[in-house]
Amino acid sequence: MTDLRIRAATPEDLGTVLAFWKVAAEGTSISDDRDGVELLVAHDPEALILAEDDGELVGTVIAGFDGWRCHLYRLAVHPGRRRRGIGSALLAAAEERFVRLGGRRSDAMVLRRNETGQLAWRAAGYELQEQWRRWAKPLTD
């Protein structure tokens with residue numbers, strides 16, 4: 001990495017981010033569309049954090065804080081750029097944001113089948129909490 005730049009996404013970045021997730025992210029979510037990320041950035045302009053290397057998008061993380069809990073989503077690094085510190089730099093930026101906002105603990109949602117993701121979160125100091133189950137209900141069709 002020569003010029004890694006960490007910054008918040010802008011509305012102009014969203015098409016690039018959505019295309020990037022198709023290459024770099026594991027799985028898809030009901031919110032992984034233009035309307036979903038536009039709403040995220042409009043609601044919390046600093047939540048979607050990007051990593052760029054020489055102007056190219058190489059990583060993302062969503063660092064959402066609801067005033068009580070800190071949630072991490074969409075930590076994704078381009079497959080050809082992994083194991084170079086990009087994910088660590090994104091997590092550091094997200095965690096610094098949470099501390100600034102008064103957060104006390106962060107959590108991440110990781111698909112069970114995403115073994116690479118499981119290893120990455122463990123390496124970053126996160127611990128699996130087997131006692132929890134995620135319950136979800138779509139609010140739209």
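About the criteria used
- Residues numbered from 1 in each chain as written.
- Predicted model: local features only at pLDDT ≥ 70, side-chain atom pairs only at ≥ 80, totals over all residues.
- Heavy atoms only, no water.
- UniProt positions renumbered as here; feature names shortened; annotations may be inferred.
- Helix = DSSP H or I, 4+ residues; strand = E, 2+ residues; numbered from the N terminus.
- Phe/Tyr/Trp six-rings, centres within 6.5 Å; stacked < 30°, edge-to-face > 60°.
- Buried < 20%, exposed > 50% of the residue type's maximum accessible area, 1.4 Å probe, protein only.
- Lys NZ or Arg CZ within 6 Å of the ring centre and 35° of its normal.
- Core = buried A, V, L, I, M, F, W, Y, C linked by side-chain atoms within 4.5 Å.
- Contact = heavy atoms within 4.5 Å.
- Polar contact = N/O pair within 3.5 Å; in protein donor to acceptor, adjacent residues only side chain to side chain.
- Pairing = 2+ DSSP bridges.
- Axes fitted to C-alpha atoms, helices over the stretch in contact; angles between N-to-C directions.
- Expected span 1.5 Å × (residues − 1).
- Arc of directions from axis to C-beta.

Taking an unreviewed UniProt entry as the reference, the chain is identified by name as N-acetyltransferase belonging to Streptomyces olivochromogenes.

Next up on the list: the UniProt feature "domain: N-acetyltransferase" (unreviewed entry) in the chain. In the UniProt entry, the feature "domain: N-acetyltransferase" (unreviewed entry) is given for residues 4–141. Helix makes up 33% of residues 4–141 and strand makes up 23%, while its end C-alpha atoms are separated by 39 Å.

Moving on, we come to the packing of aromatic side chains. This structure, assessed with the given rule, holds 1 aromatic pair. Residues tryptophan 121 and tyrosine 126 carry aromatic rings whose centres are separated by 4.9 Å and whose planes lie at 80° to one another, so their mutual orientation is edge-to-face. Tyrosine 126 sits in the buried class, given a relative accessible area of 17%. Above the ring of tryptophan 68, the side-chain terminus of arginine 69 is found at 3.9 Å from the ring centroid.

What follows deals with the nonpolar core. Of all hydrophobic cores here, the largest spans 16 residues; its most connected members are Ile49, Val61, Ala63, Leu72, Ile86, Leu90 and Ala94. Taken together, the elements giving at least two residues each to this core come down to strand S2 (48–53), strand S3 (56–65), strand S4 (70–77) and helix H3 (86–101). Looking at this core element by element, the count peaks at 6 residues for H3. When sequence neighbours within four positions are dropped, the list of residues in contact with leucine 90 reads Ile6, Ile49, Leu50, Ala51, Gly59, Thr60, Val61, Leu75 and Ala76. If you look at the next biggest cluster of nonpolar residues, it comprises 15 residues, including Phe20, Ala25, Leu57 and Ile62.

Structurally, arginine 7 is set in strand S1 (residues 4–8). Residue arginine 7 is classed as buried on the basis of its relative accessible area of 16%. Of the polar contacts made by the side chain of arginine 7, one reaches the side chain of aspartate 13; its length is 2.8 Å. Sequence-distant contacts of arginine 7, defined by excluding residues within four places in its chain, comprise Asp13, Leu48, Ile49, Leu50 and Glu52.

On the basis of which strands lie adjacent, the open sheet formed by 5 strands has the order S1-S2-S3-S4-S5 and mixed pairing. Whereas interior strands pair on both sides, the edge strands pair on one side only; in this sheet they are S1 and strand S5 (106–108). Adjacent strand axes in the sheet meet at a mean angle of 25° when their direction is disregarded. The pairing of S4 with S5 spans 3 bridges and is parallel. Residue pairing in the sheet places leucine 72 in a bridge with alanine 108 of S5. With respect to the sheet, helix H1 (residues 14–24) is in contact with S2, S3 and S4, its orientation differing from that of S3 by roughly 100°.

Within an α-helix, residues lying three or four positions from one another point in the same direction, as the helix has 3.6 residues per turn. An ideal rise of 1.5 Å per residue puts 22 Å on 16 residues; H3 measures up with 23 Å between its terminal C-alpha atoms. What H3 keeps buried is the set Ile86, Gly87, Leu90, Leu91, Ala93, Ala94, Arg97 and Phe98. Projected onto a plane normal to the axis of H3, the buried residues spread over an arc of 160° and lie on a single side. More than 90 degrees from the buried face of H3, the exposed residues found are Ser88, Glu96, Val99 and Arg100. Next to the buried residues of H3 lie S1, S2, S3, S4, S5 and helix H4 (115–123). Just downstream of H3, glycine 102 is the residue with a positive phi angle, here 95°.

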